[in-house]
Amino acid sequence: MDEQSQNEWIVAGQPVENADWIAADGDPWKLTPARLMAWQKLKMEFGSDSKEDGGTVLVFDFGREVLGHVELEVDAEPGQIIDVGYDEWQQPNGMIDLYRTNPFVHTVDRYVLRGGLQKITGLNPRGGHVVQVVMYPAAGAEKKPTLNSLNVIETRTLKAAKGMFADGNPTDEAIWRAALATVIGSAEDVYSDSPWRERGAYIGDFTVNQLLQGLIDADLRIARRCLQLFAQSQLENGQFACVAPAHHRTPHEDFSLIWVLGLWEHWAMSGDKSIVEELWPHLLRLWESSVWQAGPTGLWGSEGMKLFIDWGVRLEDRQGVANAVLNALRILALEKSAALALELGHTDEAEAFQGEALKVREAFASALWIAAEGRYAACIESKGTMSTSPAAHSNLLAWSLKIGSASQLESVQSYLFDLLEGNLELGLKEGRFAGHIELYFFRYLLSEMAERGFGERALSLIRTHWGPLVEDGFGTLPECFYRFKDGMGSRCHGWSGYPAVWYTKWVLGLRQEFAGDPDHWILDPLRIEGIDQAEGSLPHRLGLIRVAWTREPDCSLKVEIEAPDGVRVRRTFP
């Protein structure tokens, strides 16, 4: 129903004769929930204690993301009502801006009061930056409810970051802090994608949150639990539910492959071989999934699948009888499976995984190459033709994973870097599915750029894409920059926080020397124009690793390193 044409109250059970009804066409954004109409039409008194008809609205801004059970002490007459809403966006008048992200998210709890002085504790944990309390009078009541106190009993399991980073650049430091605050604000017994919205553990989000956890605390039990929950959610066809635990049982097949990356990264960070042994049967079941269907080229098609990829990807890039992103992630997962097999001593399986990865690399470089344009196609369409989409995500993965010959990669690099120059503008202008790279998907690119000598270009991408997101001091990172521009969507989404990992690895320069060995590190900062000093710390199970360096006029580095007994930090420069 178009609420703009509805000027009168709707009475439950009575026909609505003067409303303009809209036929449902499958687009949920055109449907207005009745509760939204009712909320916006209520006569409210913002922050008032007047005895006129209507409700009193109080909004509490906590100054950070909170997650937990709200606790209220109120004095009221029997039958009076209090609504408690939780949000990250506010209207110009200060009230929370309900349903700006998703009309089907429940962010308001209603309490019918028994009368007298009473304490209310919310049943379900809720998250947000602000809490709004609306108090309604009951018919014939002499007074409105009185709110004596409001508290939030927090359920988040991470309290404060033990790691630290500073390089003298306020934007860099704000991005780093916001990334960690986002995960801290989202972590319960799993990493929630958003404490305000779904509060679900998604595989794609998990892989970034796990890396950020390593900057917050050396205790990786939340990450371990997430890996186990995803494994327990494995479907009969071998795929993983994209979010677990949840009633939603539909997989994103690309997320199933990313689970392998998450398992490898967990082992690489912790050296925990036991989790690999425990979950190895689930990894093998994934590769045996009946969903994977190779075409004549040997590449997998994505027809009938529900690939996610990224909020910026063009919809047609999720399709095809040979899909580039799906097969790039297939290569990545095969190679990580081979590494894990070697760790377990399964040499035959390691050789098989590595051999299949090489075959897929060759097929990808041959079948998806558009020679006239010097780049890869997003897919081969069902009719056998190459997709004409710009295929930003496909070429990003191909370059990052070094798929193709040296000449192909040189050409893809030029093509990709040109696309990235206009990426922010494209996303801000066109929005969802515009073909741009969103915050999450940069996790596949930034470190590879640093590895291959493009650190300053990577830092420029971070500052231009993330810098505007931290200017208002909100303290956490949003899900997407295009939604943030429109005042919509989650404002606390851990998957956007990869730059913090990048700053520690490449600006501070502190990186693990060997995958699977958390006791050996190197200090090797990038040489970046304008950054002449950095300091930071990293939590380790044996204590904090602390480093600081200053670049001298002769370009040499003055370095300070502190590491707990049993941990070695090796500087890689004179």
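The structure presented is a predicted model; accordingly, all values stated were derived computationally and were not measured.

Basis of the calculations
- Residues numbered from 1 in each chain as written.
- Predicted model: local features only at pLDDT ≥ 70, side-chain atom pairs only at ≥ 80, totals over all residues.
- Heavy atoms only, no water.
- Helix = DSSP H or I, 4+ residues; strand = E, 2+ residues; numbered from the N terminus.
- Areas by Shrake-Rupley, 256 points an atom, 1.4 Å probe, with all protein chains shown as cover.
- pLDDT = per-residue confidence, 0-100.
- Contact = heavy atoms within 4.5 Å.
- Core = buried A, V, L, I, M, F, W, Y, C linked by side-chain atoms within 4.5 Å.
- Buried < 20%, exposed > 50% of the residue type's maximum accessible area, 1.4 Å probe, protein only.
- Pairing = 2+ DSSP bridges.
- Axes fitted to C-alpha atoms, helices over the stretch in contact; angles between N-to-C directions.
- Phe/Tyr/Trp six-rings, centres within 6.5 Å; stacked < 30°, edge-to-face > 60°.
- Lys NZ or Arg CZ within 6 Å of the ring centre and 35° of its normal.
- Salt bridge = Lys/Arg side-chain N within 4 Å of Asp/Glu carboxyl O.
- Parallel < 35°, antiparallel > 145°, perpendicular 65-115°, else oblique.
- Left-handed = near helix turned anticlockwise from the far one by under 90°.
- Nonpolar A, V, L, I, M, F, W, Y, C, P; charged D, E, K, R; others polar.
- Lys, Arg positive; Asp, Glu negative; His and termini not counted.
- Polar contact = N/O pair within 3.5 Å; in protein donor to acceptor, adjacent residues only side chain to side chain.
- 1 Å grid on protein atoms, 1.4 Å probe; cavity = no way out; pocket = protein on both sides within 12 Å on 5 of 7 lines; lining within 4 Å.
- Points joined across faces, edges and corners; volume = space filled by probe spheres on them.

Undergrad: I would appreciate a short explanation of the overall build of the protein in the present structure.
TA: Each helix and strand counted, the protein has 15 helices and 18 strands in total. Taken as a whole, the protein presents about 24,400 Å² of accessible surface, with 50% of it coming from carbon and sulfur.

Undergrad: What is the right way to look at the confidence of the model for the protein in this model?
TA: Residues shown with low pLDDT carry predicted positions that ought not to be read at fine detail. Summing up the model confidence of the protein, the mean pLDDT is 90 and the portion of residues at 70 or higher is 89%. Taken as a whole, residues 1-13 scores under 50 in pLDDT and shows 27 contacts with residues more than four places along the chain or in a different chain. Overall, residues 28-52 carries pLDDT values under 50, and its contacts beyond four positions in sequence, including any with other chains, amount to 67 contacts.

Undergrad: Looking at this structure, how should I read the nonpolar core?
TA: The nonpolar side chains of a soluble globular protein tend to be buried with one another. Judged by nonpolar contacts, the single largest core of 147 residues is most densely connected at Trp 259, Tyr 444 and Trp 502. Residue contributions to this core peak at 13 residues, all from helix α7 (residues 324-344). For Tyr 444, the residues in contact, after removing those within four places along its chain, are Ile 258, Leu 261, Leu 329, Leu 332, Leu 396, Leu 397 and Ser 400. Counting 15 residues, the second largest nonpolar core, distinct from the first, contains Val 84, Ile 120, Leu 147 and Leu 150.

Undergrad: Could you clarify how one ought to interpret the sheet that holds strand β17 (residues 557-562) in this entry?
TA: Strand pairs in the sheet, formed through backbone hydrogen bonds, run parallel or antiparallel to each other. Pairing is antiparallel in the open sheet, where four strands are placed in the order β8-β15-β16-β17. Each edge of the open sheet carries a strand with a single partner, namely β8 (164-166) and β17. Strand-to-strand twist in this sheet, taken as the mean axis angle between neighbours without regard to direction, amounts to 10°. Relative to strand β15 (residues 533-540), β8 runs antiparallel, the two being bridged by three bridges.

Undergrad: Whenever I open this one, the packing of aromatic side chains confuses me. Can you help?
TA: Here a ring pair, both rings aromatic, is described through the centre-centre distance and the interplanar angle of the planes. By the definition in use, this model includes 26 aromatic pairs. The interplanar angle of 65° and the centroid separation of 5.7 Å between the aromatic rings of Phe 255 and Phe 308 together place this pair among those described as edge-to-face. With a gap of 53 residues between them, Phe 255 in helix α5 (residues 253-270) and Phe 308 in the loop between α6 (273-287) and β9 (322-323) connect regions that are remote in the sequence. Accessibility classification places Phe 255 together with Phe 308 in one group, the buried group. Taken together, the ring pairs in this structure connect Phe 255, Phe 308, Trp 311, Phe 433, Tyr 440, Phe 441, Tyr 444 and Trp 495 into an aromatic cluster. Stacked on the ring of Trp 264, the Lys or Arg Lys 336 has its end atom at 3.6 Å from the ring centre. Its end group placed over the ring of Tyr 444, Arg 443 keeps NZ or CZ at 5.1 Å from the ring centre.

Undergrad: Sorry, what's going on with the sheet that holds strand β13 (residues 510-514) here?
TA: One open sheet accounts for three strands, arranged β13-β14-β18; its pairing is mixed. The sheet is open, and its two edges are formed by β13 and β18 (568-571), each paired on a single side. Strand-to-strand twist in this sheet, taken as the mean axis angle between neighbours without regard to direction, amounts to 40°. Note: β13 against strand β14 (residues 517-523), four bridges, orientation antiparallel. Residue Gln 512 lies in a different strand from β14, and its bridge partner there is Trp 521.

Undergrad: Where do I start with the environment of Val 59 in this structure?
TA: For Val 59, the position within the fold is in strand β2 (residues 55-76). Measuring from C-alpha to C-alpha, the distance between Val 59 and Tyr 86 comes to 9.6 Å, with 27 residues separating the pair along the chain.

Undergrad: Which parts of the structure should I look at to understand the pattern of salt bridges?
TA: Side-chain pairs of opposite charge can arise where the charged atoms are in close proximity. For the coordinates displayed, the defined rule picks out 29 salt bridges. Glu 448 serves as the salt-bridge partner of Arg 452, at 3.1 Å between the closest nitrogen and oxygen. Residue classification places Glu 448 among the buried residues on the basis of a relative accessible area of 16%. Ionic pairing is found between Arg 568 and Glu 513, a salt bridge with its closest N-O pair at 3.1 Å. Of this pair, Arg 568 sits in strand β18 while Glu 513 sits in strand β13, placing them 55 residues apart in sequence. What you see here is one network of salt bridges that share partners, running through Arg 197, Glu 198, Glu 479 and Arg 483.

Undergrad: Can you walk me through the environment of Ala 352 in this structure?
TA: Position of Ala 352 among the secondary structure elements: in helix α8 (residues 347-367). A relative accessible area of 49% means that Ala 352 is categorised as partly exposed. Put simply, Ala 352 and Leu 334 are 18 residues apart on the chain and 9.2 Å apart in space, counted from C-alpha to C-alpha.

Undergrad: Mind showing me how you'd approach the packing of helix α2 (residues 170-186) against helix α15 (residues 498-507) here?
TA: The description of two helices packed together rests on the angle between their axes and the distance between the axes. Following both chains from N to C, one finds α2 and α15 inclined at 125°, their axes separated by 8 Å at the closest point. If you check the angle between α2 and α15, you find them oblique. In this structure, α2 crosses over α15, and the sense of that crossing is left-handed. Contacts from Asp 172, Ile 175, Trp 176, Ala 179 and Leu 180 in α2 reach Pro 499, Ala 500, Tyr 503 and Thr 504 in α15. Each residue belonging to the contact of α2 with α15 can be placed in one class, and the counts come to seven nonpolar, one polar and one charged.

Undergrad: How should the side chain of Asp 87 be read in this particular structure?
TA: Turning to its location among the elements, Asp 87 is positioned in strand β3 (residues 81-87). Of the buried charged residues, Asp 87 lacks a salt bridge, with Arg 491 as the closest side chain of opposite charge at 8.2 Å. Polar side-chain contacts of Asp 87 include one of 3.1 Å to the backbone nitrogen of Trp 89. Beyond its immediate sequence surroundings of up to four residues, Asp 87 is in contact with Ile 96, Asp 97, Leu 98, Gly 127, Gly 128, His 129, Val 130 and Trp 196.

Undergrad: Would you mind showing me how to read the side chain of Thr 107 here?
TA: Residue placement: Thr 107 occurs in the loop between β3 and β4 (108-112). Classification of Thr 107 by relative accessible area gives buried; the value is 6%. For Thr 107, the contacting residues outside a window of four places in its chain are Val 84, Gly 85, Tyr 86, Leu 98 and Trp 196.

Undergrad: Please clarify how the layout of surface pockets should be interpreted in this entry.
TA: Summary: where empty space remains is shown by rolling a probe the size of a single water molecule over the atoms. The space that makes up the largest pocket amounts to roughly 1,300 Å³. Taken together, 43 residues make up the lining of the largest pocket; nearest its centre are Leu 211, Trp 264, Glu 265, Ala 268 and Lys 505. Here the lining of the largest pocket takes six residues from α5, the largest share from any one element. For the lining of the largest pocket, the class distribution of residues is 24 nonpolar, seven polar and 12 charged.

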